[in-house]
Amino acid sequence: MGAADVVPGVSGGTIAFITGIYDTLLESIRRINPSLLGIWKREGFKAAFNHINGFFLIALFGGVFTSIATLAKLISWLLVTHPIPIWSFFFGLILVSVFHILKQVEQKTISRWVFLLLGVVFAYCITILKPLHMEPTSINILIAGAIAICAMILPGISGSFILLLIGMYTPVLAAVKSFDIAILALFLTGCVLGLLSFSHVLSWLLNRFRDTTLMFLTGLMIGTLPKIWPWKETITWRTNSKGEEVPLIQHNLSPFEFEHMFNQPSQLGIAVVMMLAAIALVLGLEKYAERTR
């Protein structure tokens, strides 16, 4: 999940879905509420810790932070030096995940297919929106944290990409770089508030309207596939916190258009291999999960 969150356009929530921990993650976060203090007072710390599935959360977020710390530079370097194979791998990963999640939907009625279509349209519209410019005021930073963390636990929607869209990506990264405690505290507060509140909503929807919610979430994943298409033409650029020019708005090309426009090999063969590797990885995880169960 940490490795996926490093890449704008890929969501850690997608990885949680693929690995089958999504429901456990939402339920564990949902249990962090004021009633937890009552359990602590009545039954002690151990009971409260077990109530929120503490070991699971420590293992998961420990893995996320470790991955971000160790893989962020590698993935960023690969996206610059070998973009087509890397984007192809993520494209295959999300593509096969769509079929993986659809298999979990018990009743595929017409109304539920409509919700899948709504998810596709919603996610696609987000990927083609022009970036806004929000002033980095205290309330906006708080809101940005809440929105970004909600996007990170939604399959198919990247929190870092949402920050780009609302114009808060650069201020937040600049605060991280300069270790601005005030801005970071506001942003993290927004993250905590957004995560605790949104997890309740998602958990309730999955418990009450599971098939419909799964179809909508699957639509979100399908709708973001154009964002991670390997062959692109960059229309506009942005400056990151390091002063580097990185792509902002891009236009998708076919492999053959890419070769003609840039006079470079499309790497179609290695792209197909990486997509198939991603598909094999998800199917392998699924088989492993079945045997373990």
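Use the structure listed above.
Residues numbered from 1 in each chain as written. Predicted model: local features only at pLDDT ≥ 70, side-chain atom pairs only at ≥ 80, totals over all residues. Heavy atoms only, no water.

**Here's the deal with the packing of aromatic side chains**
Each aromatic ring pair is characterised by the separation of its centres together with the angle its planes make.
Right, on to step 1. This model, assessed by the stated rule, comprises 10 aromatic pairs.
Right, on to step 2. With a centroid separation of 6.5 Å and 35° between ring planes, the pair formed by F61 and F65 is classed as tilted. Residue F61 and its partner F65 are both found in helix α6 (residues 54-81); the two are separated by four residues, about one turn of the helix.
Right, on to step 3. Through successive ring pairs, a cluster of aromatic residues spans W40, F45, F49 and F55. (Phe/Tyr/Trp six-rings, centres within 6.5 Å; stacked < 30°, edge-to-face > 60°. Helix = DSSP H or I, 4+ residues; strand = E, 2+ residues; numbered from the N terminus.)

**Structural notes on the nonpolar core**
Right, on to step 1. Y22, L25, L93, L163, M168, F187 and I228 are the most contacted members of the largest nonpolar core, which has 56 residues in total.
Right, on to step 2. For this core, the leading source of residues is helix α7 (residues 83-102), giving 10 residues.
Right, on to step 3. One finds W231, L253, F258 and A271 within the second-largest nonpolar core, a separate group that totals five residues. (Core = buried A, V, L, I, M, F, W, Y, C linked by side-chain atoms within 4.5 Å. Buried < 20%, exposed > 50% of the residue type's maximum accessible area, 1.4 Å probe, protein only.)

**Quick word on the pattern of salt bridges**
Right, on to step 1. On inspection of all chains with the given rule, the structure shows four salt bridges.
Right, on to step 2. Note that D23 is salt-bridged to R210, the shortest N-O span being 2.8 Å. Here D23 is found in helix α3 (residues 22-30), whereas its partner R210 is found in helix α13 (residues 210-223), with 187 residues between them in sequence.
Right, on to step 3. When its relative accessible area of 29% is taken as the criterion, R210 is described as partly exposed.
Right, on to step 4. Put simply, R31 and E27 hold a salt bridge, and the shortest N to O gap is 3.0 Å.
Right, on to step 5. Salt bridges linked by common partners bring E27, R30 and R31 together as one network. (Salt bridge = Lys/Arg side-chain N within 4 Å of Asp/Glu carboxyl O.)

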